[in-house]
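# Summary of structural features
Listed below are the residues making up each chain.
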Amino acid sequence: MAASGLRFFRQSFGAVLRSAQTPVRTCPRLMCTATKEQNHLGENEDKSKNQAEESPDQAAAEKAKLEEQIKDLTDKYKRALADTENLRQRSKKLVDEAKLYGIQGFCKDMLEVADILEKATESVPKEEIKAENPHLKSLYEGLIMTEVQMQKVFEKHGVLKLNPVGAKFNPYEHEALFHSPVAGKEPGTVALVTKVGYKLHERTLRPALVGVVKGT
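A quick note: this is a predicted structure, and the numbers were derived from the prediction, not measured.

### Details of the pairing of strand S6 (residues 208-213)
S6 sits mainly inside the fold: 5 of its 6 residues count as buried. Summarising the sheet, strand S2 (residues 174-180) and S6 pair through 6 bridges and their orientation is parallel. By the bridge assignment for S6, His 179 is matched with Val 212. Pairing of strand S3 (residues 190-195) with S6, which is carried by 4 bridges, proceeds in the antiparallel orientation. Each bridged residue has a counterpart across the sheet, and for Lys 195 the counterpart in S6 is Leu 209.

Here it is, written out as structure tokens:
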């Protein structure tokens with residue numbers, strides 16, 4: 001029995017010796033993590049050192065650069081606002097002109113009707129308009145009423161008649177057919193209108209055909 005106990009003691013003591021002689025293995029993952037942390041700490045220390053070493057001149061230069069960028073962005077912003085406002089004004093003007101002059105084509109066509117009515121009334125002999133000629137008188141009065149009503153409709157929509165006898169010649173509203181000296185008339189004025197003109201608001205639909213007084 002004593003021999004058995006001695007043998008057990010030797011086996012146990014030998015196992016302890018072998019375990020003490022075995023080298024401890026280091027985990028590669030733990031070593032890698034520790035290396036990264038050490039490098040990170042080194043980088044932070046370098047950055048702090050570099051920031052601390054920045055001179056006042058470098059800080060002033062950086063500030064000036066930022067102020068220049070802010071100024072440039074502000075100028076671009078103001079130009080964009082101005083362009084937007086100009087576009088809005090142009091769009092509004094186009095819309096307003098479309099409302100004012102949208103009937104321009106129709107009005108030009110109606111001018112021919114107005115010319116026919118005017119010629120019809122002018123062609124009736126005034127001395128024949130008597131009670132003895134009731135049919136002619138009624139026809140003439142009907143034509144006059146129609147012409148007057150048409151001019152009222154024209155005026156309602158901004159169409160104005162141009163009959164510039166005695167007015168100063170205006171090349172934007174009148175078309176000179178001839179120039180002739182006329183006694184007692186100021187040179188450059190309209191002496192005769194052969195065909196009346198029309199305007200739609202401020203735009204000339206058709207210039208009046210006129211004869212202009214020529215200076216002697």
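### Considerations on the packing of aromatic side chains
Within the structure shown, the criterion is met by 1 aromatic pair. Ring geometry for Phe 154 and Tyr 198: centres 5.8 Å apart, planes at 80°, overall edge-to-face. On the criterion of sequence distance, the pair formed by Phe 154 in helix H5 (residues 134-156) and Tyr 198 in strand S4 (residues 197-200) is long-range, its members being 44 residues apart. Sitting over the face of the ring of Tyr 101, Arg 203 holds its NZ or CZ atom 3.8 Å from the ring centroid.

### Details of H5
An ideal rise of 1.5 Å per residue puts 33 Å on 23 residues; H5 measures up with 33 Å between its terminal C-alpha atoms. If you check which residues of H5 are buried, you get Tyr 140, Leu 143, Glu 147, Met 150, Gln 151 and Phe 154. At its buried positions, H5 is contacted by helix H4 (104-123), strand S1 (159-162) and S4. In the stretch just after H5, Gly 158 is the one whose phi turns positive, near 90°.

### Considering the sheet that holds S3
Taken in spatial order, the 3 strands make up an open sheet running S2-S6-S3, and their pairing is mixed. Each of the sheet's edge strands pairs with one partner strand only, and the pair in question is S2 and S3. Across the sheet, the mean angle separating the axes of adjacent strands is 30° when strand polarity is ignored.

### Focus on the confidence of the model for the protein chain
Mean pLDDT for the protein chain: 80, with 74% of residues reaching 70 or above. Below pLDDT 50 for its whole length, residues 19-27 participates in 1 contact with residues either more than four positions away or in separate chains.

### Some points on a nonpolar patch on the surface
On the surface, Leu 177, Phe 178 and Leu 192 cluster together into a nonpolar patch covering about 270 Å² of accessible area. By secondary structure assignment, the location of Leu 192 is in strand S3. In this structure Leu 192 comes out as partly exposed when scored by relative accessible area, which is 42%.

### Observations concerning unusual backbone geometry
Phi at His 201 takes a positive value of approximately 60°, unusual for a residue other than glycine. For His 201, the location among the structural elements is in the loop between S4 and strand S5 (203-206).

### A short note on the packing of H4 against H5
The angle between the axes and the distance between the axes are what describe a pair of packed helices. Between H4 and H5, whose axes approach to 9 Å, the crossing angle comes to 150°. It follows that H4 is roughly antiparallel to H5 by the angle criterion. Handedness of the H4/H5 crossing: left-handed. Between H4 and H5, the contacting residues are Met 110, Leu 111, Val 113, Ala 114, Leu 117, Glu 118, Ala 120 and Thr 121 on the first element and Tyr 140, Leu 143, Ile 144, Thr 146, Glu 147, Met 150, Gln 151 and Phe 154 on the second.

### A look at the side chain of Thr 121
Tracing the backbone shows Thr 121 in helix H4. Contact partners of Thr 121, with chain neighbours within four places excluded, come to Lys 126, Tyr 140, Leu 143, Ile 144 and Glu 147.

### Structural notes on the nonpolar core
Membership of the largest hydrophobic core comes to 19 residues, with the highest contact counts inside it found for Phe 154, Val 159, Tyr 198, Leu 205 and Val 210. Sorting the residues of this core by element identifies H4, H5, S1, S3, S4 and S6 as the ones contributing at least two each. The element contributing the most residues to this core is H4, with 4 residues. Residues lining this core come from more than one domain, with at least three contributed by each of domain 1 (62-157) and domain 2 (158-215). Every residue in contact with Val 159, bar those within four places of it in the chain, is listed here: Cys 107, Phe 154, Tyr 198, Lys 199, Leu 200 and Leu 205.

Conventions and cut-offs
Numbers given for residues are sequential positions, taken from 1 along each chain in its written order. Only residues with pLDDT of at least 70 get local features here, since the model is predicted, and only at 80 or more are side-chain atom pairs given and counted; chain-wide, interface and lining totals rely on the full set of residues. Note: side-chain values were computed over all heavy atoms of the structure, leaving out hydrogens and water. The cut-offs for exposure are 20% and 50% of the maximum accessible area for each residue type, with area from a 1.4 Å probe on protein chains only; residues under the lower value are buried, those over the upper are exposed, and the others partly exposed. Per the convention used, a helix needs a DSSP run of H or I reaching at least four residues, while a strand needs a run of E reaching at least two, with both numbered from the N terminus. In short, DSSP must find at least two bridges between two strands for them to pair. Put simply, two rings from Phe, Tyr or Trp (the six-membered ring, in Trp's case) pair if the centres are within 6.5 Å, and we call them stacked under 30 degrees between planes, edge-to-face over 60, tilted for the rest. We count a charge as sitting over a ring when the NZ of a lysine or the CZ of an arginine lies within 6 Å of the ring centre and within 35 degrees of the ring normal. An expected span of 1.5 Å times one less than the residue number is assigned to each helix. The contact rule is simple, with two residues in contact once any of their heavy atoms fall within 4.5 Å. Angles shown run from 0 to 180 degrees and are taken between the N-to-C directions of axes, each axis being a line fitted to C-alpha atoms and, for helices, limited to the stretch in contact. Values of pLDDT, ranging from 0 to 100, describe the predictor's confidence in every residue of the model. Nonpolar side chains (Val, Leu, Ile, Met, Phe, Trp, Tyr) within 5 Å and like charges within 9 Å form the patches, drawn only from residues with over 30% relative accessible area and no salt bridge. Under the convention used here, a 1.4 Å probe and the Shrake-Rupley method define accessible areas, while residue burial counts only the protein chains that appear. Each salt bridge in this description consists of a side-chain nitrogen of Lys or Arg and a carboxyl oxygen of Asp or Glu lying within 4 Å of one another. Oblique is the label for every angle not falling under 35 degrees (roughly parallel), over 145 degrees (roughly antiparallel), or within 65 to 115 degrees (roughly perpendicular). In a left-handed crossing the near helix is turned counterclockwise from the far helix by less than a right angle, and in a right-handed crossing that turn is clockwise. Note on terminology: a nonpolar core comprises buried Ala, Val, Leu, Ile, Met, Phe, Trp, Tyr and Cys residues joined through side-chain atoms within 4.5 Å. Delimitation of the domains relies on an automatic or database domain assignment.

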